[in-house]
Amino acid sequence: MAEGVAEDRTEMSWSERIAADFTTVAWVLIPIAVGINVVGSFIVGLLRIPLFLDVIGTILIAILAGPWVAVVAGVLTNVVLGVVRTPTLIPFALVQVGVALVVGYVALRGWFRIRESRDYVWLVAAGLLVTVTAVVISTPIAVLVFGGLTGSPTDVVVGFFLAAGAELFAAVLVAEFIYEPIDKIASVFIAYFIAQSIPERYLPSFGQLALNET
């Protein structure tokens, strides 16, 4: 089935592929992905865990329905979190966009087609790529918009490096790289196992291509 899906997509234009991804199932998945992200963020805040866990739903829908559907879910996530938690999260919607595009890109290239135990290295690689994407996007936002302190778990580390004499940008960058790898690798694994648990007959065509051999 995945082979037929792949052939169909290669015959489509760029705009047709995007439109094709926004199926009825994809629209149903968007609020689910937003809910997963919001719940993850609230659990972290409630338990004061030094993680974020607010992109699991974005990664999941990027695997199942493609990057552009995931972009919609990711942006909506931070709008919702900006309303119910803190407005400082709204500018970081750009991180969700970056994560959605990166995961959708590598999903099409088979990084989530796990067949042997050694293939899990691709999930780690995806997590590291998502980490770099998140850090590259979030660090300038944190520095330029919020002066380096955003009320996130990284603030303690940022404060430590600032007190040690580090420059603001360097302090934020190092703090992000301390927290982000664990968070993003864990998020990729969680999203993958959720996606893998869905029967193939219920997968959108993008998800069939992303999770199965072509």
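Since the structure is predicted, the reported quantities are computational estimates derived from the model, not experimental observations.

The rules we used
Residues numbered from 1 in each chain as written. Predicted model: local features only at pLDDT ≥ 70, side-chain atom pairs only at ≥ 80, totals over all residues. Heavy atoms only, no water. Helix = DSSP H or I, 4+ residues; strand = E, 2+ residues; numbered from the N terminus. Rg over C-alpha atoms; globule rule 2.2 N^0.38 Å. Buried < 20%, exposed > 50% of the residue type's maximum accessible area, 1.4 Å probe, protein only. Contact = heavy atoms within 4.5 Å. Areas by Shrake-Rupley, 256 points an atom, 1.4 Å probe, with all protein chains shown as cover. Lys, Arg positive; Asp, Glu negative; His and termini not counted. Charge placed at Lys NZ, Arg CZ, Asp CG, Glu CD. Phe/Tyr/Trp six-rings, centres within 6.5 Å; stacked < 30°, edge-to-face > 60°. Lys NZ or Arg CZ within 6 Å of the ring centre and 35° of its normal. pLDDT = per-residue confidence, 0-100. Core = buried A, V, L, I, M, F, W, Y, C linked by side-chain atoms within 4.5 Å. Axes fitted to C-alpha atoms, helices over the stretch in contact; angles between N-to-C directions. Parallel < 35°, antiparallel > 145°, perpendicular 65-115°, else oblique. Left-handed = near helix turned anticlockwise from the far one by under 90°. Nonpolar A, V, L, I, M, F, W, Y, C, P; charged D, E, K, R; others polar.

Right, let's talk about the overall build of the chain for a bit. Scanning the chain from terminus to terminus reveals 10 helices and zero strands. Going residue by residue from the N terminus, the α and β elements of the chain occur as α-α-α-α-α-α-α-α-α-α. Computed over the C-alpha atoms, the radius of gyration of the chain is 18 Å, within 12% of the 17 Å expected from 2.2 N^0.38 for a compact globule of 214 residues. If you line up the chain on its principal axes, its C-alpha atoms span 60 × 40 × 35 Å. Classification of the 214 residues of the chain by burial places 48% in the buried group. Taking as baseline every contact in the chain between residues at least 6 positions apart, the subset at least 24 positions apart corresponds to 71%. As displayed, the chain offers around 10200 Å² of accessible surface, 70% of which is attributable to carbon and sulfur atoms. If you average the places of the 10 positive and of the 16 negative side-chain charges in the chain, the two averages end up 4 Å apart.

Enumeration according to the criterion identifies 10 aromatic pairs in this entry. When the centroid spacing of 6.3 Å and the interplanar angle of 15° are considered together, the rings of Tyr120 and Phe189 count as stacked. Taken together, the positions of Tyr120 in the loop between α6 (93-108) and α7 (121-146) and Phe189 in helix α9 (residues 168-196) put the pair 69 residues apart, joining distant regions of the chain. Through a chain of ring-to-ring contacts, three or more aromatic side chains come together here, namely Tyr120, Phe189, Tyr192 and Phe193. Above the face of the Phe42 ring, Arg85 is positioned so that its terminal group lies 5.7 Å from the ring centre. If you follow Arg109 out to its NZ or CZ, it ends over the ring of Tyr105, 3.8 Å from the centre.

Turning next to the environment of Val156. With respect to the secondary-structure elements, Val156 resides in helix α8 (residues 154-163). Distance in space between the C-alpha atoms of Val156 and Ala171 is 11 Å, their sequence separation being 15 residues.

For the chain, mean pLDDT is 92; residues scoring 70 or higher make up 94% of the total. At the low end of the mean pLDDT range in the chain sits helix α1 (residues 2-10), at 56; at the high end sits helix α4 (residues 56-65), at 98.

Tracing the backbone shows Val97 in helix α6. As a C-alpha pair, Val97 and Val71 span 26 residues in sequence and 5.0 Å in three-dimensional space. Val97 has contacts with Val71 and Val75, leaving out every residue within four places of it along the chain.

The next subject is the nonpolar core. With 56 residues, the main nonpolar core has Ile59, Ile61, Ile63, Val103, Phe112 and Leu211 as its most contacted residues. Going through the elements one at a time, α3 (24-47), α4, α5 (67-84), α6, α7, α8, α9 and α10 (205-211) are the ones with two or more residues in this core. When neighbours within four sequence positions are excluded, Val103 is seen to be in contact with Ile59, Ala62, Ile63, Phe112 and Val130.

Right, let's get into the packing of α8 against α9. Helices that pack against each other are described as a pair by the angle of their axes relative to one another and the distance between those axes. One way to put it is that α8 packs onto α9 with a least axis distance of 8 Å and a crossing angle of 140°. When the axes of α8 and α9 are compared, the pair comes out oblique. Viewed along their axes, α8 and α9 form a crossing whose handedness is right-handed. On α9, the residues that touch Thr154, Val157, Val158, Phe161 and Leu162 of α8 are Leu168, Ala171, Val172, Val174, Ala175, Ile178 and Tyr179. Of the residues belonging to the contact of α8 with α9, the class tally is 11 nonpolar, one polar and no charged.

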